[in-house]
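# Descriptive structure summary
Each chain, letter by letter, is given below.
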There are 2 protein chains.
Amino acid sequence: MRNLAMLISAAQSKIEPDIIFKNANVVNVFTNQVEKCDVAVYNGVIAGLGEYSGKNEIDVNGKYLLPTFIDSHCHIESSLVSPVEYAKLVVPKGVTAVIADPHEITNVSGENGLKFMIESAKDLPLDVHYMLPSCVPATPFDSAGAVIDSALTKEYLERYDFKGLGELMDFVSVLNSSDEVLSKLEDVDIIDGHAPSISGKELCAYLCANVKTDHECTSAREAAEKVARGMYVQVREGTSAKNLKDLIPAVTPHNVSRFLFCTDDKHLDDILEEGTISNCVQKAVSLGVDPIDAIKMASLNAAQCYKLDKCGAIAPGYFANIIVSEDITASKITEVYKKGVLVAKNDKALFDKQIEDSSAVTNTVHIDEVKPEIFELEFSHNTPIVKVMPDTLVTQKITVKDKEGLSLCACLERHNGTNNIGKGFVYGFGLKNGAVAQTIGHDSHNITVLGSNPDDMALAVNSLGNDGGIAVVIDGKVEAKMTLAISGLMSDKPADISVNEYINIKKAVEKLTPESKIDTLMMLSFLSLCVIPEIRISDKGLFDVTKMEVIK
Amino acid sequence: MRNLAMLISAAQSKIEPDIIFKNANVVNVFTNQVEKCDVAVYNGVIAGLGEYSGKNEIDVNGKYLLPTFIDSHCHIESSLVSPVEYAKLVVPKGVTAVIADPHEITNVSGENGLKFMIESAKDLPLDVHYMLPSCVPATPFDSAGAVIDSALTKEYLERYDFKGLGELMDFVSVLNSSDEVLSKLEDVDIIDGHAPSISGKELCAYLCANVKTDHECTSAREAAEKVARGMYVQVREGTSAKNLKDLIPAVTPHNVSRFLFCTDDKHLDDILEEGTISNCVQKAVSLGVDPIDAIKMASLNAAQCYKLDKCGAIAPGYFANIIVSEDITASKITEVYKKGVLVAKNDKALFDKQIEDSSAVTNTVHIDEVKPEIFELEFSHNTPIVKVMPDTLVTQKITVKDKEGLSLCACLERHNGTNNIGKGFVYGFGLKNGAVAQTIGHDSHNITVLGSNPDDMALAVNSLGNDGGIAVVIDGKVEAKMTLAISGLMSDKPADISVNEYINIKKAVEKLTPESKIDTLMMLSFLSLCVIPEIRISDKGLFDVTKMEVIK
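Now for a description of the structure that goes with this document. Keep in mind that what you see is a predicted model, and the values were worked out from it rather than measured.

Criteria and cut-off values
- Residues numbered from 1 in each chain as written.
- Chains lettered and ligands numbered in written order.
- Predicted model: local features only at pLDDT ≥ 70, side-chain atom pairs only at ≥ 80, totals over all residues.
- Heavy atoms only, no water.
- Helix = DSSP H or I, 4+ residues; strand = E, 2+ residues; numbered from the N terminus.
- Contact = heavy atoms within 4.5 Å.
- Areas by Shrake-Rupley, 256 points an atom, 1.4 Å probe, with all protein chains shown as cover.
- Lys, Arg positive; Asp, Glu negative; His and termini not counted.
- Charge placed at Lys NZ, Arg CZ, Asp CG, Glu CD.
- Salt bridge = Lys/Arg side-chain N within 4 Å of Asp/Glu carboxyl O.
- Polar contact = N/O pair within 3.5 Å; in protein donor to acceptor, adjacent residues only side chain to side chain.
- Buried < 20%, exposed > 50% of the residue type's maximum accessible area, 1.4 Å probe, protein only.
- Axes fitted to C-alpha atoms, helices over the stretch in contact; angles between N-to-C directions.
- Parallel < 35°, antiparallel > 145°, perpendicular 65-115°, else oblique.
- Left-handed = near helix turned anticlockwise from the far one by under 90°.
- Nonpolar A, V, L, I, M, F, W, Y, C, P; charged D, E, K, R; others polar.
- Pairing = 2+ DSSP bridges.
- Right-handed = clockwise from strand over helix to strand, strands pointing away.
- Core = buried A, V, L, I, M, F, W, Y, C linked by side-chain atoms within 4.5 Å.
- Phe/Tyr/Trp six-rings, centres within 6.5 Å; stacked < 30°, edge-to-face > 60°.

## What about the overall build of chain A?
Scanning chain A from N- to C-terminus turns up 16 helices and 28 strands. Referenced to the eigenvectors of the C-alpha coordinate spread, the extents of chain A come out at roughly 85 × 50 × 45 Å. Sequence-distant contacts in chain A: of pairs separated by 6 or more residues, those separated by 24 or more amount to 69%. Only carbon and sulfur atoms are counted for the fraction: they give 47% of the accessible area of chain A, which is about 19,700 Å². Distance from the positive charge centre (53 side chains) to the negative charge centre (77 side chains) of chain A: 3 Å.

## So, the interface of chain A and chain B
The partner chain B presents 56 residues to the 56 residues of chain A that form the contact. Run the count over chain A and chain B and you get four salt bridges. Linking A:Lys307 and B:Asp309 is a salt bridge whose minimum nitrogen-to-oxygen distance equals 3.1 Å. At the junction of chain A and chain B, the tally comes to 22 residue pairs in polar contact (both at pLDDT 80 or more). Contributing elements (two or more residues each) for the side of chain A that touches chain B: helix H1 (2-11), strand E3 (45-50), helix H5 (171-175), helix H6 (179-185), helix H7 (200-208), helix H8 (220-228) and helix H12 (291-298) of chain A.

## Section: the side chain of B:Asn301
Residue and element names in this part refer to chain B. Counting through the fold element by element, Asn301 comes out in helix H13 (residues 300-305). Given the relative accessible area of 1%, Asn301 is considered buried. When near neighbours in sequence (up to four residues on either side) are disregarded, Asn301 contacts Tyr232, Val256, Ser257, Arg258, Phe259, Leu260 and Lys296.

## Points about the pattern of salt bridges
Within this structure, the stated rule accounts for 52 salt bridges over all chains. Among the ionic pairs, A:Glu216 bridges to A:Arg236, the shortest N-O distance being 3.2 Å. With A:Glu216 in the loop between strand E11 (211-214) and H8 and A:Arg236 in strand E12 (residues 232-236), the pair connects residues that are 20 residues apart, well separated along the chain. Accessibility assignment for this pair places A:Glu216 and A:Arg236 in one class, buried. Residue B:Glu274 pairs with B:Lys266 through a salt bridge whose shortest N-O separation is 2.7 Å.

## Some points on H8(A)
Buried within H8(A) are the following residues: A:Glu222, A:Ala223, A:Lys226, A:Val227 and A:Ala228. Backbone geometry just after H8(A) places A:Gly230 at a positive phi near 105°.

## Notes on the packing of helix H11 (residues 277-286) of chain B against helix H12 (residues 291-298) of chain B
All names here are of chain B. Remark: H11 packs on H12, axes separated minimally by 9 Å, with the N-to-C direction vectors making an angle of 150°. The orientation of H11 relative to H12 falls into the category roughly antiparallel. For the crossing formed where H11 meets H12, the hand is right-handed. In this structure, H11 uses Ile277, Val281, Ala284 and Val285 to contact H12, whose residues at the interface are Pro291, Ala294, Ile295 and Ala298. By residue class, the composition of the contact of H11 with H12 is eight nonpolar, no polar and no charged.

## Brief notes about the pairing of strand E10 (residues 190-193) of chain B
If a strand is regular, its side chains alternate between the two faces of the sheet. Residues and elements named next belong to chain B. Burial of the side chains of E10 extends over both faces: Ile190 and Asp192 are buried on one face and Ile191 and Gly193 on the other. Pairing between strand E9 (residues 164-168) and E10: three bridges, direction parallel. Bridge pairing in E10 places Leu165 opposite Ile191. Crossover E10 to strand E11 (residues 211-214) through helix H7 (residues 200-208) is right-handed.

## Let's talk about the nonpolar core
Most often, soluble globular proteins have nonpolar side chains that are buried together. In terms of nonpolar packing, the biggest core is built from 281 residues, with A:Phe69, A:Leu126, A:Phe261, B:Phe69, B:Leu126 and B:Phe261 touching the most fellow members. Once residues within four sequence positions are removed from consideration, A:Phe261 is found in contact with A:Ile70, A:Asp71, A:Ser72, A:Val235, A:Leu244, A:Ile277, A:Cys280, A:Val281, A:Ala284, A:Ala294, A:Met297 and A:Ala298. By size, the runner-up hydrophobic cluster in this structure holds 22 residues, among which are A:Val400, A:Ala410, A:Ile447 and A:Leu464.

## So, the sheet that holds strand E24 (residues 469-474) of chain A
Residue and element names in this part refer to chain A. Spatial ordering of the open sheet is given by E19-E18-E21-E20-E23-E22-E24-E25, a layout of eight strands whose pairing is mixed. The open sheet has two free edges, formed respectively by strand E19 (395-398) and strand E25 (477-483), since each of these has just one partner strand. Neighbour-to-neighbour, the strand axes of this sheet turn through a mean angle of 20°, independent of strand direction. Lying over the sheet, helix H14 (residues 454-462) contacts strand E20 (406-412), strand E22 (434-438), strand E23 (447-451), E24 and E25, oriented at roughly 30° with respect to E22. Docked against the sheet, helix H15 (residues 495-512) engages E22, E24 and E25, running at close to 145° with respect to E25.

## Side note on the packing of aromatic side chains
We describe a pair of aromatic rings using the distance from one ring centre to the other and the angle between the two ring planes. This structure, assessed with the given rule, holds 12 aromatic pairs over all chains. Where A:Tyr160 meets A:Phe162, the ring centres are 6.1 Å apart and the plane angle is 70°; that geometry is what we call edge-to-face. The pair formed by A:Tyr160 and A:Phe162 is uniform in burial state, with each residue classed as buried. Aromatic pair B:Phe21 and B:Tyr337: ring centres 4.9 Å apart, planes at 85°, arrangement edge-to-face. One end of the pair, B:Phe21, is in strand E1 (residues 19-28); the other, B:Tyr337, is in strand E15 (residues 333-338), and 316 residues separate them in sequence. Like B:Tyr337, B:Phe21 is buried. One aromatic cluster is present, built from ring pairs that chain together A:Tyr156, A:Tyr160 and A:Phe162.

Shown next as structure tokens:
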């Protein structure tokens, strides 16, 4: 109460504000105008805009003040670092809130994973609004480390503070009115969608399930239809999926308030290099979007969609979450304030927090030491081969005459000690002498290993240890290794160390596949996901996605 | 669950929808486009837009389908009829939701008034979202029938299902950080504002109190400033206050989503004649607003401001709240559907409901029979006179040489049996032989009586009885009378009877003041409100608003 009274007094210059930004160019997302004025902050809240003075004046000298950015859909795990380290990467780039779906870690570590993510995100200058993963496991064919059925869904929604349900990937079950899936949706306020290419009556049906957003649009036409049917469309720019250029033509002055930005999956090196949402703003503007419309997509629109009150604008009563930038598109951010506290300056995070106790989510690789023999595989001209291609996650099922150009690939179940292994030949990676293994494999995150020979494959898998991570072996030697101790998905080390480790991994992979045009690590991480056509390698064997069955 | 499964099936034409609107021109508030398509409805919800067929097809033959309208701020009491009868008036005009502040009845009947309004609004095709009145009584000088302090505010917010706090009229106490007023605001999600002419730092301070809306703007400049500071501006067209023409110039393509429509106070005869929100749409369009922007202001924008999920658009999963109109501005509404049920056709309501038991809110006039002598008043050339003027509620404090043109006026406390009476001379009504008395007098709703002589005044007051209402006496005879049995504010009769009674009252008043350019009833109803300059007549005597004190 006292605080509110003081805030009201500060707004009227009856008492001194804590901070006064003097001579600012304030970006107003309500009017699409830039206002030249001072901004007064009291106790973390914006008290007023106008003429203010006091002891703590910060003369920003004509710099722009922008509301901080909101990443409307991301998986923090994809950054390969913990929420704490993730915050240190994105906050200096102007992001102070993310809507995060922790479904990667949940597929590995279940409730322990949720708890770890929730605890890790506490007391950060980044507001992490978690959505409860809706599809764990992702498919009935998955061997995941956890299952969240409708009963557990209700339980977790009550036990923890989720904003709603994470991306509803299983649209097929929705369209078929599966009781189990529909049960999960009951009484949920916000449900995120995932509806690639869904259109017409199927889109209508999917929306009847109360789905609010979609981040899977790949064309302006698809985005326009989804907006017309009432969805918020999240324009995605991640490490792999980059849809901004294709979607921006769908944005009009009339519908702009229904568009948001998101990253979905973005690796730490890319975040470090180009930021996340600021990058979306800059790209949108370069494609002709009005800068303040772009900022609105990055701030106010997401705040409205996810009901983040007092966020997304620089206005009295709003949290003092402010970007100070030399230019209007946030390409030259000099300071970031979160609730009135300076939390980043000149691209450096000014906060720190110990990574939470991760003991409940480490040691998640439950396999015995493997012998090279298990990777041996007989070839005949009838053997179904997985053909991978550049710029797509889709594979083709082919047969070939001889083994020229083929690599060995295997998926090893790592959660439940089943010793399940699925194997197959893959064509298209152009692998030299060596192997690469990783514990990242959507969405169950078993071990996927690719190699030119069983010995190097065994070495790569064995060197992952009980913690998991990524290992690259060349000519019988471990060339690069990155431990991802947190559920085999995230490093427990500081981001600056992790980024170097990851760059080394990428270099080693390049050395291993010098002529490949395929993003090997990305492709590997999706090679076991049994919903992407045409043929996959799961821990149960080669999987024909068209027929939805294991190939005998 | 079953219903959701069926809805999803209906969307995909796997089962038949309940209703199919064929050949519609659907107004899409997300894209500002008109789509030619069918609309399928299942179990009160819109299942899909596209091509649909089935047994129950309604060929609308190119008519427009619009989302139904939302009156974003109103006092149902001002219509002079009960919520049930009010619904019958506005639903045929396309309104299926109102945000209503029942502060008139609450000032008279306290919690009983709230309960009556809440019960009355149940099971209507009009969703009445009540805000808890924040200022009862309106001022410390008021003699109201109830007091809602901060403790009761918290109690009622918990006990009843309010959307938030009603218009925070006491902005002075907010700006002065009154503990009692600020206590009321704690943990309230939506707070409606009331900030006439508040600007600059005072506006910022008012917004720090978490106020979300304002319906008191009278100029485009004022509206533009309030929108820029983050408020939703409610463009008002009522019986007396008509601000639309002045505010529309502030609406731009960039800020249109922050504008809503409202009536605030509109009498039943005006509603019957011109509707409420449909009238706003038509006026806005006539002033150059894009028709779909106007419809958005009347629907989606209000739904977003007040967090009315699944309302405000024609889209899959939204409630099937649909206006069928021959034209896009809803001037020729042929049908209104609420949750898929036809509730009005050709301007007639197709629903009925008994008015709730009103025994707890009748018999609210607690005064003894009055004698003419109590209205006698001595005149001298020093006596302060209340001067009323056309087209404004503001009065002037004047003195005059003789009694020529003066009328007698009095305010009688009617709630607590105090027999309080305040008296004064009024200049400007041009009253002939007679008197008019009413139990409507903002915001405490004591009895205000205006007359040319004490006898007619006594007759007028006495004929109000214990129920209250409006009585007009001419030449010693009751010329017209309207009983407002519900708290002395609303009729308990059907709207068609009430409207005739009210028209008779208006005719009688016209006969009583043939040359007056003043809206006598309206002026009388504000003559005791001690916050409008310059001089008022309260039950405690003449009141100097400038000095905020009773004139001795």
